[in-house]
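# Close look at the chain arrangement
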Amino acid sequence: MTEPCIITVAITGSVPRKADNPAVPVTVPEQVESTHAAFEAGASIVHVHVRDEAERPSSDPALFAAFLDGVRKHCPGMIVQFSTGGRGRDAAARGSMLHLRPDMASLATGSVNFPDSVYENPPDLVAELAARMAEHGVKPEIEIFDLAMLYAAHGMVEAGEIARPAHVQFVFGLRNALPPLRQILEFELAELKRLMPEATWTAAGIGRSQLDMNRLALELGGHCRTGLEDNIRFDRSRLARSNAELVARVADLCAEFGRRPASAAEARRILSLPPAAER
C-alpha cells in the first residue's frame, strides 16, 4: 500500500442544518472539535464554510480566523481549505477572508445550475478570487461542476492566473450538473492529463453518490472527499453520526484498492504545499 490517498473532510457546507442532522457542526467550537475527530480518523484536508448564529452561511473573517487558529492548534499540519462558494453569500464578500492565508481555498471556474438556484461565478469574479489567492499564497482547489470549467481552469493556468501544479476537484451528483457516471470521470481525467498532466485531482460525490465516487477515485488513482456537507446519511438506514465516521469509512476503503490515507505531511508534498511550519 504505497500510494497514499488524500482524504478531504467537508465538515459543514452551506445547506445542512441541525434539523437535518444534529451532527452537523455549525459553531466554530463544534467545527474545530469535528475537524479534530476527522483528522484522527484519517483526514488531511478540512474544507470549511462558516455559519452565523442562525446557521446561515457567513463570510465573517473573524469566524474563519477562529476556525483556522483552532485547527492549527489541535490538528498539527492539517491543510485548511476555506470555501469561497456563493450560496447565501454576497459576491463581494466571498474572498474577504483570504488575507488570513489558509493553505487552500475553493475556486469554481464557471457558473452552473444547482437544484434550486444558479451558482454564479462570472469571469471577473473568478479572476478576482484567483488573484487574491495568489497574492496571499493560497493554493486554489479548482471546483469542476461542469466540463467547461475544466477548460476555463486550463486557460487560467496557461495565463499564469493559477500556479502550476493545479489541483482540481470533480463534483458529481448535483441535480442539473454532472451525473455520477464513470465514463464522465474517465473522459475528464483524460482531458486533465492532456491539458495539465502535472495536476492532481479529487472526486467528490453528493448525496447517495458519495461512496460510489470515493470508490472510483481510489480505483483511478485520485483523492477522496467525504463529510456532512455532501451527505448527511451514512447509508439508507440512518444518518451519519459524525464527520469522523464518514472519514473512517473512506480510510478503511483505501485498503481495498491497495492504498492508505495520506498523512498531513504527505498531503502537503503531493499538493506542492509548503510545510505547515512555514505558514
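Reference entry: report on the structure contained in this document. Just so it is clear, the structure is predicted and the values come from calculations on it, not from any experiment. (Residues numbered from 1 in each chain as written. Predicted model: local features only at pLDDT ≥ 70, side-chain atom pairs only at ≥ 80, totals over all residues. Heavy atoms only, no water.)

### Here's the deal with the overall build of the protein
Put simply, the test is: Only DSSP runs of H or I covering at least 4 residues are called helices, and only runs of E covering at least 2 are called strands; the numbering of each starts at the N terminus. We take the radius of gyration over the C-alpha atoms and set the globule estimate at 2.2 Å times the residue count to the 0.38 power. Exposed residues in this analysis have more than 50% of their type's maximum accessible area, buried residues have under 20%, and partly exposed residues fall in between, with area computed by a 1.4 Å probe over protein chains only. The criterion used for residue contact is that any of the two residues' heavy atoms lie within 4.5 Å. Each accessible area is a Shrake-Rupley result for a 1.4 Å probe, and residues are judged covered by the shown protein chains and nothing else. Residues counted as positive are Lys and Arg, residues counted as negative are Asp and Glu, and His and the chain ends are not counted. Where a charge lies is defined by one atom per residue type, namely NZ (Lys), CZ (Arg), CG (Asp) and CD (Glu).
In terms of helices and strands, the protein carries 8 helices and 16 strands. Taken against the 2.2 N^0.38 rule, which gives 19 Å for 279 residues, the C-alpha radius of gyration of the protein at 17 Å falls within 12% of a compact globule. Classification of the 279 residues of the protein by burial places 54% in the buried group. Residue pairs at least 24 apart in sequence account for 71% of intrachain contacts in the protein once pairs closer than 6 positions are excluded. Surface summary for the protein: the accessible area is close to 11600 Å², and the carbon and sulfur share equals 53%. Of the side chains in the protein, 30 bear a positive and 36 a negative charge, and the two mean positions are spaced by 3 Å.

### Some details on the nonpolar core
Definition in use: To qualify as a nonpolar core, a set must consist of buried Ala, Val, Leu, Ile, Met, Phe, Trp, Tyr and Cys residues joined through side-chain atoms within 4.5 Å.
Judged by nonpolar contacts, the single largest core of 70 residues is most densely connected at F67, F145, F170, L185, L192 and W201. Sequence-distant contacts of F67, that is, excluding residues within four places in its chain, are made with I11, V28, Q31, V32, T35, V46, V48 and V80.

### Brief notes about the layout of surface pockets
Going by this rule: In the cavity and pocket records, a cavity denotes points on a 1 Å grid over the protein atoms alone where a 1.4 Å probe fits but cannot get out, a pocket denotes an open set with protein on both sides within 12 Å along at least 5 of 7 lines, and lining residues are residues with an atom within 4 Å of a point. Grid points are joined across faces, edges and corners, and a volume is the space filled by probe spheres set on the points. Gly is put with the polar residues, along with every residue not named as nonpolar or charged; the nonpolar set is Ala, Val, Leu, Ile, Met, Phe, Trp, Tyr, Cys and Pro, and the charged set is Asp, Glu, Lys and Arg.
When its volume is computed, the largest pocket comes out at roughly 830 Å³. Lining the largest pocket are 38 residues, with I206, G207, E229, D230 and N231 positioned closest to its centre. When residues of the lining of the largest pocket are traced back to their parent elements, those giving at least two are β7 (104-108), β11 (167-172), α6 (210-220) and β14 (233-235). Partitioned by chemical class, the residues of the lining of the largest pocket number 15 nonpolar, 12 polar and 11 charged. Counted as a void, the second largest pocket has a volume near 220 Å³.

### As for the packing of aromatic side chains
The condition is simple: Each Phe, Tyr or Trp ring, with Trp reduced to its six-membered ring, pairs with another whose centre is within 6.5 Å; inter-plane angles below 30 degrees give stacked pairs, above 60 give edge-to-face pairs, and intermediate values give tilted ones. We count a charge as sitting over a ring when the NZ of a lysine or the CZ of an arginine lies within 6 Å of the ring centre and within 35 degrees of the ring normal.
In this structure the tally under the stated criterion is 5 aromatic pairs. Of the aromatic side chains, those joined through ring pairs into one cluster are F114, Y119 and F145. Here the basic side chain of R249 rests over the ring of F234, its NZ or CZ set 4.2 Å away from the ring centre.

### A few points about unusual backbone geometry
For the peptide bond that leads from R164 to P165, omega is -5°, which places it in the cis range. Mapping P165 onto the fold places it in the loop between α4 (147-158) and β11. Despite not being glycine, E55 has its phi angle at roughly 70°, a positive value. With respect to the helices and strands, E55 occurs in the loop between β4 (50-51) and β5 (57-58). Exposure remark for E55: the relative accessible area of 18% places this residue in the buried category. Residues other than glycine seldom take positive phi values, yet S272 does so here, at roughly 60°. Considering the arrangement of structural elements, one finds S272 in the segment after α8 (264-270).

### Quick word on the pattern of salt bridges
Here is the rule we go by: Here a salt bridge means any side-chain nitrogen of Lys or Arg lying within 4 Å of a carboxyl oxygen belonging to Asp or Glu.
Using the criterion set out here, one finds 16 salt bridges in the structure. Residue R225 pairs with E229 through a salt bridge whose shortest N-O separation is 3.3 Å. No difference in accessibility class separates R225 from E229, as the two residues are buried. Through salt bridges that share partners, E158, R164 and E198 make up one connected network.

### Quick look at the sheet that holds β11
Selection rule: The rule for pairing is simple: two strands pair if DSSP sees at least two bridges between them. To get an axis, a line is fitted to the C-alpha atoms, and for a helix only the part in contact is used. The angle between two axes follows their N-to-C directions and goes from 0 to 180 degrees.
Pairing in this closed barrel of 8 strands is parallel, and the strands run β2-β3-β6-β7-β10-β11-β12-β13 around the ring. The average undirected angle you get between the axes of adjacent strands in this sheet is 25°. With 4 bridges joining them, strand β3 (residues 45-48) and strand β6 (residues 79-82) adopt parallel strand pairing. Bridging from a neighbouring strand, I45 pairs with I79 of β6. Along the sheet, helix α2 (residues 61-74) contacts β3 and β6; its crossing angle with β6, the most-contacted strand, is approximately 165°.

### Thoughts on helix α5 (residues 182-195)
This is how the line gets drawn: Take the number of residues in a helix, subtract one, and multiply by 1.5 Å to get its expected span. What the arc describes is the spread of directions from the helix axis to the C-beta atoms.
Between the first and last C-alpha of α5 there are 20 Å, a value that for 14 residues agrees with the 20 Å anticipated at 1.5 Å per step. Of the residues making up α5, those classed as buried are L185, E188, L189, E191, L192 and L195. Viewed end-on, α5 has its buried residues packed into an arc of 165°, placing them on one side of the element. Residues of α5 that are exposed and angled more than 90 degrees away from the buried face: Q183, K193 and R194. At its buried positions, α5 is contacted by β10 (139-144), α4, β11, β12 (200-205) and α6.

### Focus on the environment of L125
Within the fold, L125 resides in helix α3 (residues 123-135). Once residues within four sequence positions are removed from consideration, L125 is found in contact with A91, R94 and E120.

### Remarks on the packing of α5 against α6
Working note: a packed helix pair is described by the angle between its axes plus the distance between those axes. The line we're drawing: Roughly parallel covers angles under 35 degrees, roughly antiparallel covers those over 145, roughly perpendicular covers 65 to 115, and oblique covers all other angles. In this scheme the handedness of a crossing depends on how the near helix is turned from the far one: anticlockwise by less than a right angle means left-handed, clockwise means right-handed.
At a minimum axis distance of 11 Å, the contact between α5 and α6 shows a crossing angle of 40°. Relative to α6, the element α5 is oriented oblique. In the packing of α5 onto α6, the handedness of the crossing is right-handed. Together, R182, L185, E186 and L189 of α5 and M213, L216, E219 and L220 of α6 make up the contact between the two elements. In terms of residue class, the contact of α5 with α6 is made up of 5 nonpolar, no polar and 3 charged.

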